[in-house]
Amino acid sequence: MSKVLLVEDEELNRVLVRAILARATDDVIREVELVEAGSLQRARDALTETSVDVILLDVNLPDGNGLSLAADLSTQPDRPQVIALTASVLPHERAAAMNAGCDAFLDKPYGAQDLLKVLASHLPS
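Residues numbered from 1 in each chain as written. Predicted model: local features only at pLDDT ≥ 70, side-chain atom pairs only at ≥ 80, totals over all residues. Heavy atoms only, no water.

- Within an unreviewed UniProt entry, the label attached to the protein reads Response regulator, and the organism entered is Dactylosporangium cerinum.

Here's what the structure looks like:
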């Protein structure tokens, strides 16, 4: 079973992701263990307690920029895949996410199929 860390400060967005995963037709995605963190610090704490396969990472968090976490993880061996989630769709924002070590970028608001597609492509086989 794969484990995904969702780093998102908005409760409604966390509820949405939970619902999308629960309703997925792909058994691998539906059975993902979801760990949630509402802040950058909670995400860092969660990563010291458990290993995850994928991080769904909100870029704009109340206690910092999510890209700092991606950058910190980018040099670690066996690091999780990082998917940046942001409402900013400017080309330089996408470039900043990729330069920080993100493996993918998903624009908010995203559709259920978009999230499922990008997540499926980054989960371990």
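**Focus on the nonpolar core**
- Counting 22 residues, the largest nonpolar core has Leu 5, Val 7, Ile 55, Leu 57, Val 82 and Cys 102 as the members making the most contacts within it.
- Those elements that place two or more of their residues in this core are β1 (3-7), β2 (33-37), α3 (40-49), β3 (54-58), α4 (66-73) and β6 (81-86).
- With near-sequence residues (within four places) excluded, Val 82 lies in contact with Ile 55, Leu 57, Ala 70, Leu 73, Cys 102, Asp 103 and Ala 104.
- Membership of the second largest hydrophobic core comes to 20 residues, among which are Val 4, Leu 6, Ile 20 and Leu 116. (Core = buried A, V, L, I, M, F, W, Y, C linked by side-chain atoms within 4.5 Å. Buried < 20%, exposed > 50% of the residue type's maximum accessible area, 1.4 Å probe, protein only. Helix = DSSP H or I, 4+ residues; strand = E, 2+ residues; numbered from the N terminus. Contact = heavy atoms within 4.5 Å.)

**Concerning the pattern of salt bridges**
- Enumeration over the complete set of coordinates arrives at eleven salt bridges.
- Residue Glu 33 pairs with Lys 3 through a salt bridge whose shortest N-O separation is 3.9 Å. Of the two residues, Glu 33 sits in strand β2 while Lys 3 sits in strand β1, which places them 30 residues apart along the sequence.
- By relative accessible area, Glu 33 is classed as partly exposed at 36%.
- Here Arg 79 and Asp 103 are joined by a salt bridge, their closest N and O atoms 2.8 Å apart. Of this pair, Arg 79 sits in the loop between α4 and β6 while Asp 103 sits in the loop between α5 (91-99) and β7 (104-107); the two residues are 24 residues apart in sequence, bridging distant segments of the chain.
- Overall, the relative accessible area of 23% leaves Arg 79 in the partly exposed class.
- For Asp 103, a relative accessible area of 24% puts it in the partly exposed group. (Salt bridge = Lys/Arg side-chain N within 4 Å of Asp/Glu carboxyl O.)

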